[in-house]
Each structure stands twice: as C-alpha cells, then as structure tokens.
Amino acid sequence: MTKLNTFEQAVETYEPVLGLETHIELDTRTKMFCGCSTTFGAEPNTQVCPVCLALPGALPVANRAAVEATIKIGLALNCRIAEWTRFARKNYFYPDMPKNFQTTQYEEPLCEEGYVDVTVEGKPYRIEIERVHLEEDTGKTLHVGGATGRIHGATESFVDYNRAGIPLVEIVTKPVPGTGALAPEVARAYVTELRDIVRSLGVSDVRMEQGSMRCDVNLSLGKPGEEWGTRTETKNVNSLRSVERAVRYEVRRQSALLDEGVRIIQETRHFQETDGSTNPGRSKEEATDYRYFPEPDLAVMEPSREWVEQLRASLPEPPRKRRERLQAEWSLADKEMQSVVNADAVELIESTIAAGAGPAGAVKWWLGELSRRANESGEELAALAITPAQVAELQAMVDDGRLNDKLARQVIDGVLAGEGSPADVAAKRGLEVVSDTGALEAAVDEAIAANPAVADKIRGGTHAAAGVLIGAVMKATKGQADAGTVRQIILDRLS
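Residues numbered from 1 in each chain as written. Predicted model: local features only at pLDDT ≥ 70, side-chain atom pairs only at ≥ 80, totals over all residues. Heavy atoms only, no water.

(A) The nonpolar core, seen in detail. Ranked by size, the top nonpolar core spans 68 residues in total, and within it Ile71, Ile73, Leu77, Val132, Ile171 and Tyr190 carry the most contacts. When neighbours within four sequence positions are excluded, isoleucine 171 is seen to be in contact with Leu20, Glu21, Thr22, Ile24, Ile73, Leu77, Ile129, Arg131, Val132, Tyr190 and Leu194. Among the nonpolar cores identified, the runner-up in size contains 32 residues, and Ile349, Leu407, Val411 and Val415 belong to it. (Core = buried A, V, L, I, M, F, W, Y, C linked by side-chain atoms within 4.5 Å. Buried < 20%, exposed > 50% of the residue type's maximum accessible area, 1.4 Å probe, protein only. Contact = heavy atoms within 4.5 Å.)

What follows is the structure, encoded as structure tokens:
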C-alpha cells in the first residue's frame, strides 16, 4: 500500500481542483411523480405505490411543489431559470431503483449558470454553479451480516423503497481551481453556505445525518500550469466535517500515487467515517454509459416568467446578508464572526439569544466549552445533547450569581449526560455558588488561620496576596464560593 504524503507536502507540488455535487431531498408532502407520503422514518416499504414501484401501466405526474422549490433554489443561487425544460431517463441498474432507470434532467436542466460566494481565512472565493436539476431519489439498501455495512462480506441485503421517488435536487459546481492549501476549507465553506441557503428557503431540512443532504466530492490534482489530472468522486459524504476530511485525504492519497508514477483511476470512492479515508468503489461512468433519452411519459415544462418573478420576490433574506446583520447586532469583529460561521454556530447562537441570553454569553459557550466538547467527540456542534434554551438557562444562572464558569462547565457535563435541565443538574449535584455569607466568613477565617504569613502581607497593604487565601477558600468549598465575595470578606477582615 502506498504511504500517504502529508497534506503540506502534497500542496507544495500539486494544485487541487474541486468539484462538488450536492443532492438535496425536498421537503414536499408527496413524492416527485406520485402521491405517496415522504415522511421520514416510516416502516420499510409502506410508502409505495404502482408509480414509484414502476409497475406496468403506471404513469407519472410531476409534483408542482417540487418544481417551485427547485426554481427557488436556482434563484437563490443566482442561476438563470430555463424557459423550458424536460425530464430524461438515465438508464442503469441498481437493486434500490425499481424502474432500472432514474427520471432526471439531462440536457435541459431547470436552472443553470449560478454562483455562491464564500470567504475562507479572509479570502473570497466564488464557486460557480453549472446546473441545478430536479430528479427522483432511489430507495435504500441495507447490508447485514458483515463488518462494514457494505455488500462485501454481508450475508443478507434488504431494500426499502420508501425513499424511491422522493424529489431530489442536484446542484453541480463547475471545476473549482485556485484554492491551493485551503481546498478542504473551501469545500466545507461552500457546502455550509449551500445548506444555509436551502434551509432559509424552507424547502428542505438539509439534515445530512438523515441523508436529506448528501455531497459527492470530486477531486483531481495537477502541477501548476499543467492540465488538470484525472478526478475521483467520493460518494455520499454526510457531514460538513467529512467533506473537509474527504478532500484532505484524496489530496494526500492522489499526490502519493502521482509521486510514484502511478496513474489515477477515474472511479467512485466511499468515505470511511472511522478514519477519514476513502476506499475504491466502481469505475466512473461517462454520460454516454447511461443512454439518456427524453422521458416519453412527461410533458415539457415551461415555467412562465411571471411565476419565476413571483418566486424571486418571495425569497427570504440571503444567509450572507443575515450574517452581516447579526454580526452588527452582536458587536462581533470579523474574525469572531468567521469563527462562529466556521463552527456552524450561527443558528445556535441566534436561538440562544432568542431564549434570553446576551450575545456575549451565547457566543462564549457555543464557541468555547461546547465547541471543545464537539471536537473531542467528533460530533457536529448542533448534534450535542444540549439545546439553545438550555444554554440560555445556564447563562442566566451565571448572570444571577448562582453559578460561576467552573461550576457551569460541570453543569454542562450533567446536561450532556441526560440528567435534565441546567437547574435540575445544579440541584442534583449540589453545584450552585455558596451565597451564605456566614459560611463564607467561616471559610475565610479558616484560610487566614492556616496562612498567617499571607494574612500579614495583606495587612501590610499587599492586597494581591489575597489570591492565595481566595484559592484556599475555593478549595474548601469545592469551587462553589463566589470569588468576588470572598475577596471582599478577606479585605474587610484584614484591613
């Protein structure tokens, strides 16, 4: 097995070229070409009918709500909306595709020639969109009896067709050169921005962990000034962090092969969440392999210009503009706001403020302690078992003097462990700040008695020495004393 280069070694010699294909399931009530429900989590094969199972004689009817949602996405991505478009049949066999073809758009997509702007480490990048087209999703296969969850080594395979026929939008970028060593971060920033745009439109929940948003990461390497190399396509990457990791790994892997004079194979690859690696799948087909031809059972669609303009007028505030507004409201510097964006914490902080916390407190907890916990566990920040309302409650307890930051971190431990709300955890664990003046005065007297030399320094005017006595009191009260109150009692005693 070829030893991987370090990422730094790779980008010293080679220029990465990105390409990202993102699939988004639309949040419509029914499927793309039939009336079956799209509710997530139903019992397998209970949301199917003759149309989505492709039984003989069943005819499709296009879902107007899905077409409308796709036009909204195209407009939000600065695309040109086609004056006419039609569906095609993409022919290939997978056991989770009952028709043995996918109804999609090929030569006449609904939306073309758009762009998304992102900023990484203070540098702007424009990601050009080649096309946004509408299609239907496939079913879902489950391989059991093996160690990897894939077909190799499995003893049984099951197919659930509930997802077959759900409206799916595919957003395809043009090749993205010029990102250099920031290629992984640019890829993540683009998918993050795309997710935020689609979420703001209300047409999909874009939950990557449930598969309603999936990203295929294309990557090739070439030496500066030379032609781009052969690309690979890492399929169905299902988290923002994994998009970044997949790019980073492929840069390292491909560069090592090229250094050895090995030809890169155009293929699909599978991302491994456990170690961030990619494994080979199948050789990558070209468009001609799919034998596209116009779908004979569906009419050409011609979105009227009036309809398109009505939809344009209904678009919400773009996420980029919203972030600029929130940054001003929260009084954050550019670098701080970028940290919020990088942590995927904009909505979390906004919801925490809406629940009653001040901006400074909300930012502190989500970017500090909670981001650290997410990094340690390898989770997305939003996946932590604590809600914005609970973070706001935690900050309120700090503001009220019931908790200090040290105790608040212990309360977070309990909330994440499922022990209840911050107030519940503090009560159960006995974590609230000691506010009983008598108890604090007794603890101060003990500290003074145990440290006479320090007490003499304070009596002599060296008030900085009070830190030693404060530390002793905090230790005696297991960190539950209010440091400011303790300091004042010490100075009152020794002045």
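(B) Looking closely at the pairing of strand E1 (residues 15–25). The buried fraction of E1 amounts to 10 of the 11 residues, a majority that puts the element mostly inside the structure. Inspection of the sheet shows E1 paired to strand E10 (residues 213–222) by 10 bridges, in the antiparallel sense. Within the sheet, the bridge partner assigned to glutamate 21 lies in E10 and is aspartate 216. Judged from the five bridges that link them, E1 and strand E9 (residues 167–173) form a sheet pairing that is antiparallel. When the bridges of E9 are listed, histidine 23 appears paired with glutamate 170. (Helix = DSSP H or I, 4+ residues; strand = E, 2+ residues; numbered from the N terminus. Pairing = 2+ DSSP bridges.)

(C) Representation of helix H11 (residues 388–399). Helix length check: H11 (12 residues) gives 16 Å between terminal C-alpha atoms against 16 Å at 1.5 Å per residue, within 8%. Among the residues making up H11, those that are buried are Pro388, Gln390, Val391, Ala392, Leu394, Gln395, Met397 and Val398. Buried residues along H11 sit against helix H8 (346–354), helix H9 (359–367), helix H10 (369–377), helix H12 (405–416) and helix H13 (422–429). One or two steps after H11, the chain reaches glycine 401, where phi turns positive at roughly 80°. (Expected span 1.5 Å × (residues − 1).)

(D) Structural view of unusual backbone geometry. Look at glutamate 113: it is not a glycine, yet its phi comes out positive at around 55°. With respect to the helices and strands, the residue glutamate 113 is situated in strand E5 (residues 111–120). Phi angles above zero are rare outside glycine, and serine 331 is one such case at about 60°. Its place among the elements puts serine 331 in the loop between helix H6 (319–330) and helix H7 (334–342). By relative accessible area, which is 64% here, serine 331 ends up exposed.

(E) Main features of the pairing of E5. Both strand E2 (residues 80–81) and E5 contribute to a ladder of two bridges, which runs antiparallel. Its bridge partner being in E5, arginine 80 is matched across the sheet by glutamate 112.

(F) Fine view of the packing of aromatic side chains. Per the stated rule, a full pass over the model turns up two aromatic pairs. Taking 3.8 Å as the distance between ring centres and 5° as the angle between the ring planes, the aromatic pair formed by tyrosine 106 and tyrosine 292 counts as stacked. Of this pair, tyrosine 106 sits in the loop between strand E4 (101–104) and E5 while tyrosine 292 sits in the loop between strand E13 (278–283) and strand E14 (293–294), and the two are 186 residues apart along the sequence. Look at tyrosine 106 and you get partly exposed, because its relative accessible area is 30%. By relative accessible area, tyrosine 292 is classed as partly exposed at 23%. (Phe/Tyr/Trp six-rings, centres within 6.5 Å; stacked < 30°, edge-to-face > 60°.)

(G) Region of the structure containing the environment of arginine 64. Within the secondary structure, arginine 64 is located in helix H2 (residues 64–76). In this structure the C-alpha to C-alpha distance between arginine 64 and phenylalanine 33, which are 31 residues apart in sequence, comes to 9.7 Å.

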